[in-house]
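Read off the chains here:
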Amino acid sequence: MANYITMKNICKNYIGVQALKNVDFSLDRGEIHCLVGGNGSGKSTLIKVLSGVNQPEPGGEIIIDGKTFSSLSVQESIKQGIRVIYQDLALFPNLSIKENIAFQIYGETNSPIVDWDAVESRAKAAMEIIGLDMDPDRLVGSLSIAEQQLVEITRSLVGELKLLILDEPTASLTRKEVNALFAAIRRLQARGVTTMFVSHKMNEIFEIAEKVTVIRDGEIIGAYPPAELDDDKLVYFMTGKTFRTEAPDPIDPSAGFILETKNLTKKDEFEDISIQVRKGEILGITGLLGSGRTEFALSIFGMNPPDSGEIWIDGKKEKITSNVRAQKLKIAYVPEDRLSQGVILDQPILENLTITVFERFLEKFGLMNLKKRRSESEKMVQDLLMKISSLDAPMRTLSGGNQQKGVLAKWLATNPRLLILDEPTVGIDVYAKNSIYELIKNLARTGMGIILISDEILEVLSNCHRVLVMEQGKIVHELTPNENSAAELLEKFNLA
Amino acid sequence: MSKVKSIFTSSNAFLVYLLVVMILIVTIINPNFLSAENFLTILRSSAYSGIFAIGFLFVLICGGLDVSFAAVATVGQYIAGKVMINAPGTPWIFVVLIPPLVGVLLAGFNAFMIYKLNAPPLIITIAIQNIVFGVLQFVTQGRWLSNFPKWFNEFPLKLVVSTENSNGVLYGLSVLTVIWFAVAAIADFILKKTVYGRRLYAMGGNIEAARRGGIDILKYQMFAYGFLGFCSGLAGLVHTMVTQTVAPNTLIGNEFYTIAAVVLGGANIFGGSGSVFGTVMGVIIMAVLTNALTIMRVPAYWHQVFTGGILIASMAVTAAHARRAYKKG
C-alpha cells in the first residue's frame, strides 16, 4: 500500500507536560490503523494535531500526499479530507437525521436556499454506505447514543473523506452495532478511505486492525501487524507492565444476604427478577444493551420503582421509592454514563468527591468545615490511587480512568453496604481497568455486596463470584465462572 | 399515513384545538363574540405584537434571549415621530425606514456584546433595556407625541378586503394585519427553506456542534438579533399607526406578553425549536383570550390570571409532546 500520511518528529508541550515526544507516525492509504495507549498516553493529542485542533511545536513535519506542512489548521485538515468522530458527539438533537448528515452541504453552494432534495439524496446515499437503515426524517434526539454515533460517522461521508479518525467509537455500542460499524469501515476501505481507530477493547483491535501503533507517555513504542501481537504483549507495550487477574476471594457461604429481590417486575422493562447478593459477594450481570439490566439496577436504587415484587435489604423488606431512601439504606449506584450522570465536569475535583457526603462536614450553624473536607478528599484520592494535579482542578482535566475513580470514590464515601456498578470500565484503559478490578475485590473483602453490570463477559467472568445473564428483561442463565464459561456464554448468547 | 397522523397530534394541532375550544366557550357565553368583524379587529390590534413575536422567535430558535425589544421599538417610534412632527414634508418611505433601521442597529449591538462578553443574553438585554429606557425618559421628559401627518393617519385605516356590516359600517382585513402576515410568511420561508434558518435551528440545538461544523456564530447571532431588531422597529411603527401617539412607556413593560405568546406557540425557551405558524397561533390565542375577557367584562387583573393559566396548561401539553417525540421519533 502506498504511503499516505507521514508525521515526523512531532512534539507537543502543554504547560509543564510533554504530551508528545518526537513522534514519528505513518498511515498507508486505505489501511485500517489502530492507535492504542493508556489514558493520558498522548493518543488524543496526536489526533488533535492531525485534525488541526492543536498545533505541534516547530520542527515537526506532517506530510500528506507528498505535501509537507509544519502544522495543520482545522480548516486545512478538513480540506485534506480528514474527519474526526469524537466521543462527545457533535450532533443537533433537534434536527432530523438527514439534516444532521447533510448539514455540511449548505456551505457548498452559494445559494441561500436549502435544496431539500439534495439534502435527502445525499443523506440517503451516505446512509446506504454505512448501512444505516432508518427513517431520515427522525429527530436525532430520539435515537440511542449508539445510533447517534452512526449518524455522525455517516455525516463524515458527506464531502470528501480521505481519513476517518474514530476516537473510541465502540465504547457505547452493542456487539451488533460494532459489527455494523466494522462493516461500514470495510466498505469505506473499499472506497479508498483510511481509518484510524482508537480503542481499548483488545478483541476488537485484533478483529479490525491491519496495523497497530502503540503509544505510551507521549512516545511511539512501535507499529506492529496484529499477527505479531497478542493480548498480553499489547498490554505490556501499553503499560510497560504485565497483569494477572486474580479471581475474587471465596465468599463465606454462611454470610447473610445484603440484597434479595423477589419476583421484581416492571412492565416493558424487566420481569420476575429474583436474585440474592451475600455479604462480600460480587455478582455479575451481563446481557446486551436493552436487556433491562440498568432498569433493574435503578429499581434497586429507588430511581425506577418496580410495579410488583419485593426488595429485601439485610433481611428486612424495604420499599425504595427514591434514591434518597436508597442512600439511607446504604445502597450506592455508579451510573453507566459518567459524563452525563456521574461527574460535574466544570466543578473542582474536591467538590465532586464530597458531593454525596457534604453533610458530614457541616458544623455549628450549618457552616462547612473546609479543612476536614479537604483532608478527607485527600485520603479518598490516595485510597483510590487517583492521579490528579490538584484537588481544586476541574474534574474535566482528569483522564477517563481517573474520572471514573472519582465517581467511585464519591460513592464509597457514603460507606455503602451494597454497591451497584453499571459498566464501570467503559472507555478507560487497561491499567485503570485493572486497578478498578483490584478495588472492587478489596471492597468485597470488607463485606460489601457488589453488583457488577457489564457488557464485557471477560470482565464479569474474571471478577465475579456468580454471573447472571439477562435477556429482554429476564434472567435467562446463571453460572459460576470457570475456564469454560466464556465459550459457553459466547456460544449460547452470541455475546461476542 | 404518518404525515396525516402527525397533523392531528402535533403541538401545532393542539394550538388549533385550543383556539377552537376557546372560541366555542366564549361564543356560548356571549354570542356577540363570534363574528368576522370582531375577529378581524383582533387581528388588526394584535398585528404589532404578532410582529414582535416573529422576531423574538428567531432569537429563541438560535438559543438566545432578548428582553430589550420593546425598548428598542420605542426608540424607533420616538425618532420617527419626531421626524414626522419636525419635518412633516419628509417622504413617507424615509419615515417608515427609520424604526427598523434603529432596531437593527440596537439589536446588532446586543448581539455583538453578547458574543464578545460571552455573557448571558438575558443579562445583557436587561442592561440595554434599562439604559435605553432611562435615556428615553431623560430625552423625552415623558412627553407624548401626536398630530402626525395626514398620510400617517390614513394609511392604517386602509382595508385590503372589505365589506359592510348590518349597520352599514365598512370593515375588513386591515393593511396592518397584512403587514404582520407578510412578515410571518417571509420568516417562515427563511426558517424552513434557507441555509440561514436551518443554521439558526442548529445553533439552538447544539452550539458547540455548530461551532465545530464551521458556523460563524457571531454572524448568525447578528442575523437573529438583527431580525428581531428589524421586527421590533416595524412593530413599533405599526403600534404607532394604531394608536397615533408615541409615549415612552406604553410598549416597555409588556415584553412578557410577547414572550408568553411565543412560548405558548410551542417554541422552546432554551432554543432549537419553534415555528412561525405556532407563534402566530400563540399571538392570536392570547389576543382572543384578552378580547373575550373584555367582552365578558372580566376585570383586567383576571386577564393576567387567565394568561398565566393558559401558559402553564400549554407548557404541560408541550412537555408531554416533546417526551413523545423524542421517544418515538
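Numbers given for residues are sequential positions, taken from 1 along each chain in its written order. Chain letters start at A and ligand numbers start at 1, both assigned in the order the entries are written. The predicted nature of this model means local features are confined to residues of pLDDT at least 70 and side-chain atom pairs, given and counted, to a pLDDT of 80 or more, with totals for whole chains, interfaces and linings taken over all residues. Think of the side-chain values as coming from all heavy atoms in the structure, minus any hydrogens and water.

1. Observations concerning the overall build of chain A
Threshold: A run of H or I in DSSP counts as a helix once it spans at least four residues, and a run of E counts as a strand once it spans at least two, with each numbered from the N terminus. As defined in this context, the radius of gyration uses C-alpha atoms, and a globule is described by 2.2 Å times the residue total to the power 0.38. Partly exposed describes any residue whose relative accessible area lies between the buried limit of under 20% and the exposed limit of over 50%, with all areas from a 1.4 Å probe on protein chains only and scaled to the type maximum. We call two residues contacting when some pair of their heavy atoms lies within 4.5 Å. Note that accessible areas follow from Shrake-Rupley with a 1.4 Å probe, and for residues the cover is restricted to the protein chains shown. Only four residue types enter the charge count: Lys and Arg as positive, Asp and Glu as negative, with His and the chain ends excluded. Every charge is mapped to an atom, namely NZ of Lys, CZ of Arg, CG of Asp or CD of Glu.
Along its length, chain A carries 17 helices and 20 strands. Taking 23 Å as the expected radius of gyration for a compact globule of 496 residues, we find that chain A reaches 24 Å, a close match to that expectation. A principal-axis box enclosing the C-alpha atoms of chain A has dimensions of 70 × 55 × 50 Å. Residues counted as buried form 54% of the 496 residues belonging to chain A. A separation threshold of at least 6 residues defines the contact pool for chain A, and within that pool the share at least 24 residues apart is 67%. Accessible area for chain A stands at about 21,900 Å²; split by element, carbon and sulfur atoms hold 50% of it. Distance from the positive charge centre (57 side chains) to the negative charge centre (68 side chains) of chain A: 5 Å.

2. Examining the pattern of salt bridges
Residues and elements named next belong to chain A. Cut-off, in case you're wondering: One speaks of a salt bridge when a side-chain nitrogen belonging to Lys or Arg is within 4 Å of a carboxyl oxygen belonging to Asp or Glu.
Inspection of the entire model under this criterion finds 26 salt bridges over all chains. Between glutamate 310 and lysine 317 there is a salt bridge; the shortest N-O distance is 3.5 Å. A salt bridge links aspartate 392 to arginine 374, with the nearest nitrogen and oxygen atoms 2.8 Å apart. In this pair, aspartate 392 sits in the loop between α13 (370-383) and α14 (400-412) while arginine 374 sits in helix α13, placing the two residues 18 residues apart along the sequence. Look at aspartate 392 and you get partly exposed, because its relative accessible area is 43%.

3. A short note on unusual backbone geometry
Despite not being glycine, A:Asn22 shows a phi value in the positive range, around 45°. Phi is positive for B:Gln141, close to 55°, though the residue is something other than glycine. Following the sequence through the fold, B:Gln141 ends up in the loop between α7 (121-140) and α8 (150-154).

4. Digging into a nonpolar patch on the surface
Residue and element names in this part refer to chain B. For the record, the criterion: Excluding any residue in a salt bridge, patches collect residues exceeding 30% relative accessible area, merging like charges within 9 Å and nonpolar Val, Leu, Ile, Met, Phe, Trp and Tyr side chains within 5 Å.
Side chains of Val16, Val20, Leu24 and Phe277 sit close together on the surface and give an oily, nonpolar patch of about 340 Å² of accessible area. In terms of residue count, helix α2 (residues 11-29) provides more of the nonpolar patch than any other element does, three residues in total. Tracing the backbone shows phenylalanine 277 in helix α14 (residues 276-295). For phenylalanine 277, a relative accessible area of 44% gives the class partly exposed.

5. Re the packing of helix α3 (residues 36-45) of chain B against α14(B)
Residues and elements named next belong to chain B. Where we set the bar: Note on definitions: angles span 0 to 180 degrees between N-to-C directions of axes, and those axes are lines fitted to C-alpha atoms, for helices only across the stretch in contact. Roughly parallel here means an angle under 35 degrees, roughly antiparallel means over 145, roughly perpendicular means 65 to 115, and every remaining angle is called oblique. Handedness of a helix crossing follows the sense of rotation of the near helix relative to the far helix, less than a right angle counterclockwise being left-handed and clockwise being right-handed. Any residue that is not Ala, Val, Leu, Ile, Met, Phe, Trp, Tyr, Cys, Pro, Asp, Glu, Lys or Arg is counted as polar, Gly included; the first ten are nonpolar and the last four charged.
In the contact formed by α3 and α14, the axes pass within 10 Å of each other and the chain directions differ by 120°. Considered as vectors, α3 and α14 are oriented oblique to each other. Seen along the crossing, α3 lies across α14 with a hand that is right-handed. Residues Asn38, Phe39, Ile42 and Leu43 of α3 form the contact with α14, whose own contacting residues are Ile284, Ala287, Val288, Asn291 and Ile295. Grouping the constituent residues of the contact of α3 with α14 by class yields seven nonpolar, two polar and no charged.

6. Topic: the sheet that holds strand β13 (residues 282-286) of chain A
All names here are of chain A. Put simply, the test is: Whether two strands pair comes down to DSSP finding at least two bridges between them.
The strand order across the open sheet built from six strands is β16-β17-β18-β13-β19-β20, with neighbouring strands paired in mixed fashion. Here the strands that pair on one side only, and so sit at the sheet edges, are β16 (331-334) and β20 (474-479). Strand-to-strand twist in this sheet, taken as the mean axis angle between neighbours without regard to direction, amounts to 20°. Alignment of strand β19 (residues 466-471) against β20, held across five bridges, turns out to be antiparallel. Within β20, the residue paired with valine 467 across the bridge is leucine 479.

7. So, the packing of aromatic side chains
Centre distance and the angle of the planes are the two values used to describe a pair of aromatic rings. Filter applied, for reference: Stacked, tilted and edge-to-face are the three classes applied to pairs of Phe, Tyr and Trp rings, where Trp contributes its six-membered ring and a pair requires centres within 6.5 Å; stacked means planes under 30 degrees apart, edge-to-face means over 60, and tilted covers the rest. Charge-over-ring contacts are defined here by two conditions on Lys NZ or Arg CZ: a distance within 6 Å of the ring centre and an angle within 35 degrees of the ring normal.
Inspection of the entire model under this criterion finds 19 aromatic pairs over all chains. Summarising the aromatic geometry, the rings of B:Phe58 and B:Phe223 are spaced 6.2 Å apart at their centres and angled 65° between planes, so their arrangement reads as edge-to-face. Here B:Phe58, found in helix α4 (residues 47-61), pairs with B:Phe223, found in helix α12 (residues 217-243); they are 165 residues apart in sequence, far enough to count as distant. Exposure remark for B:Phe223: the relative accessible area of 22% places this residue in the partly exposed category. Consider the rings of B:Tyr301 and B:Trp302, whose centres lie 6.4 Å apart with planes at 45°: the pair is tilted. One residue, A:Lys262, lies across the ring of A:Trp312, its end atom 4.2 Å from the ring centre.

8. Re the confidence of the model for chain B
Residues and elements named next belong to chain B. Inclusion rule: The quantity called pLDDT is the predictor's confidence in a given residue, expressed from 0 to 100.
Mean pLDDT over chain B stands at 89; residues scoring 70 or higher make up 94%. For chain B, per-element mean pLDDT is lowest for helix α1 (residues 2-9), which scores 47, and highest for α4, which scores 97. The model gives residues 1-7 a pLDDT under 50, and that stretch makes one contact with residues more than four places away or in other chains. Scoring the predicted complex yields pTM 0.76 and, for the interface, ipTM 0.84.

9. Quick look at the sheet that holds strand β6 (residues 82-85) of chain A
Residue and element names in this part refer to chain A. Strand order in the open sheet made by the six strands is β6-β7-β8-β3-β9-β10, with mixed pairing throughout. Every interior strand has two partners, whereas the edge strands, β6 and β10 (219-224), have only one. Averaged over all pairs of adjacent strands, the angle between strand axes in this sheet comes to 20°, irrespective of strand direction. Sheet analysis places β6 next to strand β7 (residues 163-167), joined by four bridges and oriented parallel.

10. Looking at the interface of chain B and chain A
Keep this limit in mind: Distance and chemistry together define a polar contact, namely a pair of N or O atoms within 3.5 Å, with one atom able to donate a hydrogen and the other to accept it when in protein, and with adjacent residues in sequence counting only for side-chain atoms on both sides.
Each partner contributes residues to the interface: chain B has 23 residues there, and chain A has 22 residues. The tally of links between chain B and chain A comes to one salt bridge. One salt bridge in this structure joins A:Glu99 and B:Arg198, with 2.4 Å as the shortest N-O distance. Linking chain B with chain A are seven residue pairs in polar contact (both at pLDDT 80 or more), by the criterion used here. Those elements that place two or more of their residues in the side of chain B that touches chain A are α9 (175-193), α10 (195-205), α11 (207-212) and α15 (300-328) of chain B. Considering every element that reaches the side of chain B that touches chain A, the biggest residue donor is α10(B), with seven residues. In the side of chain B that touches chain A, the residues fall into nine nonpolar, eight polar and six charged.

11. Quick word on the side chain of A:Thr239
Residues and elements named next belong to chain A. Looking at the element boundaries, threonine 239 is found in helix α8 (residues 231-239). The exposure class of threonine 239 is buried, given its relative accessible area of 16%. Looking at threonine 239, its side chain comes within polar contact range of the main-chain oxygen of valine 235, at 2.8 Å.

12. Here we look at the environment of A:Phe257
Residues and elements named next belong to chain A. One can find phenylalanine 257 in strand β11 (residues 257-266). Between the alpha carbons of phenylalanine 257 and valine 277 there is a distance of 5.5 Å; along the sequence they are 20 residues apart. If sequence neighbours within four positions are ignored, phenylalanine 257 has contacts with Gln276, Val277, Arg278, Asp314 and Gly315.

13. Observations concerning the packing of helix α6 (residues 92-117) of chain B against α7(B)
Describing two packed helices takes the angle between their axes plus the distance from one axis to the other. Residue and element names in this part refer to chain B. Relative to each other, α6 and α7 sit at 135°, their axes nearing to 10 Å. When the interaxial angle is binned, α6 and α7 end up oblique. The interaxial crossing formed by α6 with α7 has right-handed handedness. Residues Phe109, Asn110, Met113, Ile114 and Leu117 of α6 lie in contact with α7, whose contacting residues are Pro121, Ile124, Thr125 and Ile128. Of the residues assigned to the contact of α6 with α7, the class counts are seven nonpolar, two polar and no charged.

14. As for the pairing of strand β3 (residues 32-36) of chain A
Residue and element names in this part refer to chain A. The element β3 is extensively covered by neighbouring structure, given that five of its five residues are classed as buried. Alternating positions in β3 separate into two faces, Ile32, Cys34 and Val36 on one and His33 and Leu35 on the other, with burial throughout. Bridge count for β3 against strand β8 (residues 194-198) is four bridges, and the pairing is parallel. Bridge assignment links leucine 35 to a residue of β8, and that residue is valine 198. Where β3 meets strand β9 (residues 211-216), four bridges bridge the pair, whose relative direction is parallel.

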